[in-house]
Amino acid sequence: MSAGYGGVVADLIAELGRLPGVGPKSAQRIAFYILNSDPADVSRLANALLEVKAKVRFCEVCGNVAEGARCRICEDPRRNESQLCVVEEPKDVVAIERTREFRGRYHVLGGAINPIDGVGPDDLRIRELMTRLASGVVTEVILATDPNVEGEATAAYLSRLLTSMDVAVTRLASGLPVGGDLEYADEVTLGRAFEGRVRLNA
C-alpha cells in the first residue's frame, strides 16, 4: 500500500502496517494523520513509545506489565492470595479488573497452546505457575483463558496438570452474550452455554 510514496513516508506506512489489526489502508490513514498533526502531538506520541519500551517490563511474579520488579496487583497486600486467576495476556487482567468482581491474584501465561503456530506448553509460563502453587498458599486456581479452541486446549492441559495438586480448579463460565442471536454463536460458545445452563423452576 506504500507504493507510490517514497522514503520516510513509505517507511512509516510499512512500520504501521506491521502492527496487529492494522491493515494497509489503516496504516496509510494513520500515517497521514501523523503527517497532518501538530509536531508537539507527534513528539508526545514518539516519547510515549520510547518511554514504554524503556520503563515497562513484565512482573517477576505474575507476568503482568509493570514499571518495577512487581506489578501493582502483586504489590497490593489487600489482594486475596488464596485465589489465583490464570489468564493468557496482560490485557486479560485489565478486562477482569474492570468487572471489580475478583480480588485475588493473577498469573499471566504469555499466550495459549497453539500447535499450528508452534506454541507448546514449554513456551508458556506454566513452569512458573507450578512453582507458585508449590507453596500451598493458593487454594483455588481459576482458569480464565479465552473461550476459543486455543484457550480451551490450554485450560484442558492445565486442568490435567493440576489434578495431582491440592487446589480447586475452576473455569470461568461462558456462554451467549446478552442481546446476541443463536445463529451467530460459534460452536464453542454455544457448547459452553449448554454446559453452563441453569434451572429456572424450583
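Residues numbered from 1 in each chain as written. Predicted model: local features only at pLDDT ≥ 70, side-chain atom pairs only at ≥ 80, totals over all residues. Heavy atoms only, no water.

1. Looking at the layout of surface pockets
Here is the rule we go by: Buried and open spaces are told apart on a 1 Å grid over the protein atoms alone, a cavity being a set of points where a 1.4 Å probe fits but cannot get out and a pocket being an open set with protein on both sides within 12 Å along at least five of seven lines. Residues with an atom within 4 Å of a point are the lining residues. Grid points are joined across faces, edges and corners, and a volume is the space filled by probe spheres set on the points. Strands are runs of DSSP state E lasting at least 2 residues, helices are runs of H or I lasting at least 4, and numbering of each runs from the N terminus.
Considering only enclosed or pocket space, the largest pocket measures out at about 280 Å³ in volume. As for the largest pocket, its lining consists of Leu12, Glu15, Leu16, Arg18, Leu19, Ile30, Ile34, Val42, Leu45, Ala46 and Leu49. Only helix H1 (7–17), helix H2 (24–36) and helix H3 (39–55) provide two or more residues apiece to the lining of the largest pocket.

2. With respect to the side chain of threonine 145
Put simply, the rule is: We define a polar contact as two N or O atoms separated by no more than 3.5 Å, with the added condition that, inside protein, one atom must be a possible hydrogen donor and the other a possible acceptor, whereas residues neighbouring each other in sequence contribute only through side-chain atom pairs.
Along the chain, the position of threonine 145 falls in the loop between strand S5 (140–143) and helix H7 (149–161). For threonine 145, the side chain forms a polar contact with the main-chain oxygen of glycine 151, separated by 2.8 Å.

3. Section: the pattern of salt bridges
Put simply, the rule is: A pairing counts as a salt bridge when a side-chain nitrogen of Lys or Arg comes within 4 Å of a carboxyl oxygen of Asp or Glu. Think of it in three bands: residues with accessible area under 20% of the maximum for their type are buried, residues over 50% are exposed, and the middle band is partly exposed, with areas taken using a 1.4 Å probe on protein chains only.
Going through the model one piece at a time under the given rule, you end up with 9 salt bridges. The residue arginine 78 makes a salt bridge to aspartate 76 at a minimum N-O spacing of 3.0 Å. Across the salt bridge formed by glutamate 97 and arginine 79, the nearest N and O atoms sit 2.8 Å from each other. Of this pair, glutamate 97 sits in helix H5 (residues 90–99) while arginine 79 is found in the loop between helix H4 (72–75) and strand S3 (80–87), placing the two residues 18 residues apart along the sequence. An identical accessibility class is assigned to glutamate 97 and arginine 79; each is buried.

4. Examining the state of the cysteines
Quick reminder of the rule: Pairs of cysteine sulfur atoms within 2.5 Å are identified as disulfides in what follows.
In the structure shown here, the tally under the stated rule is 0 disulfides. Cysteine cysteine 59 shares no disulfide, and the gap to the nearest cysteine sulfur, in cysteine 74, comes to 3.8 Å. The thiol of cysteine 85 is unpaired, and the distance to the nearest cysteine sulfur, on cysteine 62, comes to 11 Å.

5. Quick word on the packing of H1 against H2
The following threshold applies: Here the axes come from fitting lines to C-alpha atoms, over the contacting stretch only for helices, and the angles between their N-to-C directions go from 0 to 180 degrees. To sort the angles, those under 35 degrees are grouped as roughly parallel, those over 145 as roughly antiparallel, those from 65 to 115 as roughly perpendicular, and the leftovers as oblique. Definitions for this section: a left-handed crossing has its near helix turned counterclockwise from the far helix by less than a right angle. A right-handed crossing has that turn clockwise. By definition, residues are in contact when any of their heavy atoms lie within 4.5 Å. Side-chain classes are defined by residue name, with Ala, Val, Leu, Ile, Met, Phe, Trp, Tyr, Cys and Pro counting as nonpolar, Asp, Glu, Lys and Arg as charged, and the others, Gly among them, as polar.
Running from N to C, H1 and H2 point in directions that differ by 130°, and their axes come no closer than 8 Å. By the angle between their directions, the pair H1 and H2 is classed as oblique. The two elements H1 and H2 cross, and the hand of that crossing is right-handed. Together, Val9, Leu12, Ile13, Leu16 and Gly17 of H1 and Ala27, Gln28, Ile30, Ala31, Ile34 and Leu35 of H2 make up the contact between the two elements. Of the residues belonging to the contact of H1 with H2, the class tally is 9 nonpolar, 2 polar and no charged.

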